[in-house]
Amino acid sequence: MNNKTEIKKTSFFRGLTGQILIAMFLGATLGIILHNSISHEASMEFSNKIKMLATIFIRLVQMIISPLVFTTLVVGIAKLGDIKTVGRIGGKALAWFFTASFISLLIGLFYINVLEPGVGLKLDHVDMSAATEVTAKTKSLSFENFIEHIVPKSIFDAMATNEILQIVIFSIFFGLAAASLGSSVKPVINALDKMSHIVLKMVNYVMNFAPIGVFGAIAGVFAVRDAEELLITYFKFFGSFLIGISTLWVVLIIVGYIFLKGRMTELLRRIMGPVAIAFGTTSSEAVFPKLTEELEEFGVKDKIVSFMLPLGYSFNLDGSMMYMTFASIFIAQFYGVHLDIGTQMVMLLVLMLTSKGIAGVPRASLVVVAATCGMFKIPIEGIAIILPIDHFCDMFRSATNVLGNALATSVVGKWEGDKEINFDGGDNITGVDI
């Protein structure tokens, strides 16, 4: 028994998840030590340099996202075969996404009204200038910009900027056109299929850098932020947020067990690595390729994964949705702006729509919060109040986004029937021949 236990422990810490957790601990330890032992200027310089490790890792991932989304989605749609099938799966996907988004927003709305962390809160020395970067982007949030953001003017431009939603639109048209031409385009589809496997192989190489990237990200943050002071100052806000995000996790996991039964445990085990990477780097985008691989190994057909995940990354950000209502009303409470339940419900609907058009925008959640505050006469500069703690909140909402998309993909795969997801846990998950 002891030998078996020892083997399990060793394999865990040698695995990606264990390495990432160790990297997080070492990064936080180093950051805290330096923060308490060197000058602020020196710690800022250290932070900027050490964060380059995280930047390099994220850029390595970003370089393979565009070709991966395009090749897997085109092949997946071609394998689905026709517009009717694409429409059926797309309808199920959007129904799930909007339901999950609405529930996430409601959870945020419930806890912010019950716990009221912004009421009576007094904060000194808030750096209002720090919000300039975020508020400057709110002018781009309009209906016209939303439409322009969805429809690509050039696939090459969309790929160069990693605009996942635009790549999805092009890939859907390309895949449907390929499917309609039948066997004559089989060589093209087979070539794209082979290319997607090459890109997925690259994922294995890139993921070796994940612990290094996480170490750099965590060390850089703790070197310039006094974690103890931040958590004490923002105890009500951060504590309330953690209660809300924990509730969302419980809801998602319960729903998972309802639909996936006992296999939900295996899904959670498989996605712990991607969840840990997203948590450490505050980027759910950074785990897109790895999550694709894990879901296919879990048993979801490649054509379902390649169709669902790109859509999910544009429409299904459960953690971000919960945070948006929470942060918006928190700022209103801080400034004493009263919002009745009717107004809050309207805000909730506005958040559901505006959040769908800015996938890929840096600090996307804060941009939406700032824009929403402006619409409801809440001081936009209130973003500066939550900026100091936002990185830590972002860690949790990024991890939640990964869980939400993994669950959505697996459940829609099950809805498509046993032929779409192997619930016996076997390895026979290859796609249908074109």
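This is a predicted model, so every value here is computed, not measured.

**Student:** It is not clear to me how the side chain of S240 should be interpreted in this structure. Could you clarify?
**Tutor:** Locating S240 in the fold gives a position in helix α12 (residues 235-260). For S240, a relative accessible area of 8% corresponds to the buried category. In this view, S240 contacts L115, P117, F235 and F326; residues no more than four positions away in its chain are not counted.

**Student:** Hey, could you run me through the UniProt feature "transmembrane region" (unreviewed entry) in the protein chain in this one?
**Tutor:** The sites that UniProt annotates as "transmembrane region" (unreviewed entry) are residues 12-36, 56-81, 93-112, 164-185, 205-225, 237-260, 341-359 and 366-389. When the span residues 237-260 is considered, its composition is 100% helix and 0% strand, and the gap between its end C-alpha atoms is 34 Å.

**Student:** Just checking my understanding: could you explain the environment of K303 for this structure?
**Tutor:** Among the structural elements, K303 can be located in helix α15 (residues 302-315). The spatial distance from the C-alpha of K303 to the C-alpha of T72 is 7.4 Å, given a sequence separation of 231 residues.

**Student:** What's the story with the packing of helix α4 (residues 83-115) against helix α16 (residues 318-334) in this structure? I'm lost.
**Tutor:** When two helices pack together, their arrangement is captured by the angle between the axes and the distance separating the axes. Running from amino to carboxyl end, α4 crosses α16 at an angle of 30°, the nearest separation of the two axes being 7 Å. In terms of axis orientation, α4 runs roughly parallel to α16. Considering the relative orientation of α4 and α16, their crossing is right-handed. Here A100, S101, S104, L105, I107, G108, L109, Y111, I112 and N113 of α4 come into contact with α16, specifically with D318, M321, M322, T325, F326, I329, F330 and Q333. Considering only residue class, the contact of α4 with α16 consists of eleven nonpolar, six polar and one charged.

**Student:** Where do I start with the confidence of the model for the protein chain in this structure?
**Tutor:** When pLDDT drops low, the exact placement of atoms in the prediction is not to be read closely. Of the residues in the protein chain, 83% reach a pLDDT of 70 or more, and the chain-wide mean stands at 81. When the elements of the protein chain are averaged for pLDDT, helix α1 (residues 2-14) gives the smallest value, 44, and α12 the largest, 94. In this model residues 1-13 is a low-confidence stretch, pLDDT under 50, and it forms six contacts with partners more than four residues away in sequence or in other chains. Here residues 418-434 scores under 50 on pLDDT; set against residues more than four positions off or in separate chains, the count is 38 contacts.

**Student:** Hey, could you run me through a nonpolar patch on the surface in this one?
**Tutor:** A surface patch of nonpolar side chains, amounting to about 340 Å² of accessible area, comprises F110, V114, L115 and I243. The biggest single contributor to the nonpolar patch is α4, with three residues. With respect to the secondary-structure elements, F110 resides in helix α4. Owing to a relative accessible area of 47%, F110 belongs among the partly exposed residues under this scheme.

**Student:** Which parts of the structure should I look at to understand the environment of G299?
**Tutor:** In this structure, G299 sits in the loop between α14 (288-298) and α15. C-alpha separation for the pair G299 and S410, spaced 111 residues apart in sequence, amounts to 8.5 Å.

**Student:** Could you clarify how one ought to interpret the nonpolar core in this entry?
**Tutor:** Nonpolar side chains tend to gather and get buried jointly when the protein is soluble and globular. By size, the foremost hydrophobic cluster in this structure holds 125 residues, and its most contacted members are F57, F237 and I386. No other element matches the 16 residues that helix α19 (residues 383-415) contributes to this core. Dropping the residues within four chain positions of it, I386 is found in contact with F237, Y323, A327, F330, I331 and L366.

**Student:** Would you explain the pattern of salt bridges in this entry?
**Tutor:** Should their charged atoms come close, side chains of opposite charge can pair. For the coordinates displayed, the defined rule picks out eleven salt bridges. Residue K92 pairs with E416 through a salt bridge whose shortest N-O separation is 2.7 Å. One end of the pair, K92, is in helix α4; the other, E416, is in the segment after α19, with 324 residues separating them in the sequence. The salt bridge partner of E294 is R270, with a shortest N-O separation of 3.4 Å.

**Student:** Help me understand helix α8 (residues 164-180), please; the structure alone is not making it clear to me.
**Tutor:** Under the 1.5 Å per step criterion, the end-to-end length of α8 is 24 Å for 17 residues, consistent within 8% with the ideal 24 Å. Buried residues of α8: I164, L165, Q166, I167, V168, S171, I172, G175, L176, A178 and A179, and no others. Among the residues trailing α8, G182 stands out with phi positive, at a value near 70°.

Cut-offs applied
Residues numbered from 1 in each chain as written. Predicted model: local features only at pLDDT ≥ 70, side-chain atom pairs only at ≥ 80, totals over all residues. Heavy atoms only, no water. Helix = DSSP H or I, 4+ residues; strand = E, 2+ residues; numbered from the N terminus. Buried < 20%, exposed > 50% of the residue type's maximum accessible area, 1.4 Å probe, protein only. Contact = heavy atoms within 4.5 Å. UniProt positions renumbered as here; feature names shortened; annotations may be inferred. Axes fitted to C-alpha atoms, helices over the stretch in contact; angles between N-to-C directions. Parallel < 35°, antiparallel > 145°, perpendicular 65-115°, else oblique. Left-handed = near helix turned anticlockwise from the far one by under 90°. Nonpolar A, V, L, I, M, F, W, Y, C, P; charged D, E, K, R; others polar. pLDDT = per-residue confidence, 0-100. Patch = residues over 30% accessible without salt bridge, like charges linked within 9 Å, V, L, I, M, F, W, Y side chains within 5 Å. Areas by Shrake-Rupley, 256 points an atom, 1.4 Å probe, with all protein chains shown as cover. Salt bridge = Lys/Arg side-chain N within 4 Å of Asp/Glu carboxyl O. Core = buried A, V, L, I, M, F, W, Y, C linked by side-chain atoms within 4.5 Å. Expected span 1.5 Å × (residues − 1).

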